[in-house]
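In case you want the letters, here they are:
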Amino acid sequence: MQEEPHLSEIIVVTSGKGGVGKTTTSASIATGLARHGKRVAVIDFDVGLRNLDLVMGCERRVVYDFVNVIQGDCSLRQALIKDKRHDTLFILAASQTRDKDALTESGVEQVLDDLRKDFDYIVCDSPAGIERGAHLAMYFADRAIVVVNPEVSSVRDSDRVLGIMSSKSRRAERGEDPVGEHLLVTRYSPDRVAGGDMMSVDDIEEILGLPVLGVIPESEIVLQSSNSGVPVILDDNAAAGQAYDDAVARLLGEERPMRFVDADRKGILKRLFGS
């Protein structure tokens, strides 16, 4: 098959276990890329659950979904929802009613091939673990953002996902360059790391053998943003929003210092000597 003249990249956002912040990350990475002027489509691969449209604030505008496109009930253009805040950002929702087998390899490939013609980046919000939807989201990826919490079980499960990606992706099957892998650490608390209650960024990098793309500090604002349908990256005053903005810039090749990884020294002194 001839290569499309338009060079686009498929980025999968994945993790070993659920509840680590994949959908929040997918929404913020996609929004951040659009803020940089890129044409971006973000797809929810979590058939049966569907959360991406809620986090993106477009749940009331979902008429057709990913499975409808695959099954020929509508065109891709009919199913894509244009983001209200960014003209170059489009969302493809997951089906809430279908079964996970509704995603077929050939169907997913066709949708991704069609999206490649019009978009610079296609962000795939993968379900957790290694089930069918997760495998299909990973299979076609050019790059992967593995979302990990700073705890042993999350890191161990991420290691498993990385192993699958390196052996079962389409790039691996074809003997092409491997999927580009990045780690994104969420729910990070420097104070808890300093107190020995949480793994450090260095620990995670060492165990998984990958550099960290970004560190998102633990913050209630992340949940508040998700609940209000506004990706947290749009909150320029929030540390979590700034951390996602840094991660997107690094994804695009910019060098930025890693923020929000060091404990507040004043906090430690206060604990030691009282206020």
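Bear in mind that the values here come from a model prediction, so they are computed numbers and not experimental data.

## Details of the overall build of the protein chain
Phase 1 of the analysis: Looking only at helices and strands, the protein chain features 13 helices and eight strands.
Phase 2 of the analysis: Scaling as 2.2 N^0.38, a compact globule of 275 residues should have a C-alpha radius of gyration of about 19 Å, and the protein chain matches this with 19 Å.
Phase 3 of the analysis: C-alpha atoms of the protein chain, sized along the principal axes, occupy 65 × 40 × 35 Å.
Phase 4 of the analysis: The buried share of the protein chain, reckoned over its 275 residues, is 53%.
Phase 5 of the analysis: Considering only contacts within the protein chain whose residues lie at least 6 apart along the sequence, 75% involve residues at least 24 apart.
Phase 6 of the analysis: In the form shown here, the protein chain has an accessible surface area of approximately 13,000 Å², with 46% of it arising from carbon and sulfur atoms.
Phase 7 of the analysis: For the protein chain, the centre of its 33 positive side-chain charges and the centre of its 45 negative side-chain charges are spaced 4 Å apart.

## So, unusual backbone geometry
Phase 1 of the analysis: One non-glycine residue, R187, adopts positive backbone phi at about 55°.
Phase 2 of the analysis: As for its position among the elements, R187 is in strand 7 (residues 180-188).
Phase 3 of the analysis: For R187, a relative accessible area of 39% translates into the label partly exposed.
Phase 4 of the analysis: Backbone geometry at F260 places phi at a positive 65°, although glycine is not the residue there.
Phase 5 of the analysis: Along the chain, F260 turns up in the loop between helix 12 (239-251) and helix 13 (265-273).

## Regarding the environment of L234
Phase 1 of the analysis: For L234, the position within the fold is in the loop between helix 11 (220-227) and helix 12.
Phase 2 of the analysis: The class of L234 is partly exposed, set by a relative accessible area of 23%.
Phase 3 of the analysis: Sequence separation between L234 and R85 is 149 residues, and the spatial gap between their C-alpha atoms is 9.9 Å.
Phase 4 of the analysis: Those residues in contact with L234 that sit more than four places away from it in its chain are T31, R35, R85 and H86.

## Things to note about the nonpolar core
Phase 1 of the analysis: Among the nonpolar cores identified, the biggest contains 53 residues, and F45, F66, L92, L103, V108, L115 and M165 are the most heavily contacted of them.
Phase 2 of the analysis: Not counting residues up to four positions away in its chain, the partners in contact with L115 are A41, I43, L76, L80 and I122.
Phase 3 of the analysis: The next biggest cluster of nonpolar side chains, apart from the first, holds 35 residues, and it includes V20, I29, L184 and A240.

## So, the pattern of salt bridges
Phase 1 of the analysis: Within this structure, the stated rule accounts for 16 salt bridges.
Phase 2 of the analysis: The salt bridge partner of R170 is E109, with a shortest N-O separation of 2.8 Å. Linking R170 in helix 8 (residues 170-174) with E109 in helix 5 (residues 105-116), this pair joins segments that are 61 residues apart in sequence.
Phase 3 of the analysis: The closest approach of N and O atoms between E254 and R256, which form a salt bridge, is 2.8 Å.
Phase 4 of the analysis: On the basis of relative accessible area, R256 is assigned to the partly exposed category, the value being 27%.
Phase 5 of the analysis: Sharing partners across several salt bridges, the network here consists of D245, D246, E254, R256 and R259.

## Details of the packing of aromatic side chains
Phase 1 of the analysis: For the coordinates displayed, the defined rule picks out three aromatic pairs.
Phase 2 of the analysis: Their ring planes at 80° and their centres at 5.0 Å tell us that F45 and F66 sit as a pair that is edge-to-face. Of this pair, F45 sits in the loop between strand 2 (40-44) and helix 2 (52-55) while F66 sits in helix 3 (residues 66-70), and the two are 21 residues apart along the sequence. Taken individually, F45 and F66 each receive the classification buried, so the pair is uniform in this respect.
Phase 3 of the analysis: Taking 5.7 Å as the distance between ring centres and 70° as the angle between the ring planes, the aromatic pair formed by F90 and F119 counts as edge-to-face. Highlighted residues: F90 in strand 4 (residues 89-92) and F119 in the loop between helix 5 and strand 5 (121-125), separated in sequence by 29 residues.
Phase 4 of the analysis: Given a relative accessible area of 16%, F90 falls into the buried group.
Phase 5 of the analysis: Taking the relative accessible area as the measure of exposure, F119 reaches 3% and is therefore buried.
Phase 6 of the analysis: A cation sits over an aromatic face here: R39 above F119, 5.0 Å from the ring centre.

## Brief notes about helix 11
Phase 1 of the analysis: Buried within helix 11 are the following residues: V222, S225 and S226. Projected down its long axis, helix 11 shows its buried positions confined to an angular sector of 100°, all on one face. Within helix 11, the exposed residues directed more than 90 degrees away from the buried face are E220, L223 and N227.
Phase 2 of the analysis: With a side-chain oxygen lying 3.0 Å from the backbone nitrogen of I221, the N-terminal cap of helix 11 falls on S219.

Parameters at a glance
- Residues numbered from 1 in each chain as written.
- Predicted model: local features only at pLDDT ≥ 70, side-chain atom pairs only at ≥ 80, totals over all residues.
- Heavy atoms only, no water.
- Helix = DSSP H or I, 4+ residues; strand = E, 2+ residues; numbered from the N terminus.
- Rg over C-alpha atoms; globule rule 2.2 N^0.38 Å.
- Buried < 20%, exposed > 50% of the residue type's maximum accessible area, 1.4 Å probe, protein only.
- Contact = heavy atoms within 4.5 Å.
- Areas by Shrake-Rupley, 256 points an atom, 1.4 Å probe, with all protein chains shown as cover.
- Lys, Arg positive; Asp, Glu negative; His and termini not counted.
- Charge placed at Lys NZ, Arg CZ, Asp CG, Glu CD.
- Core = buried A, V, L, I, M, F, W, Y, C linked by side-chain atoms within 4.5 Å.
- Salt bridge = Lys/Arg side-chain N within 4 Å of Asp/Glu carboxyl O.
- Phe/Tyr/Trp six-rings, centres within 6.5 Å; stacked < 30°, edge-to-face > 60°.
- Lys NZ or Arg CZ within 6 Å of the ring centre and 35° of its normal.
- Arc of directions from axis to C-beta.
- Polar contact = N/O pair within 3.5 Å; in protein donor to acceptor, adjacent residues only side chain to side chain.

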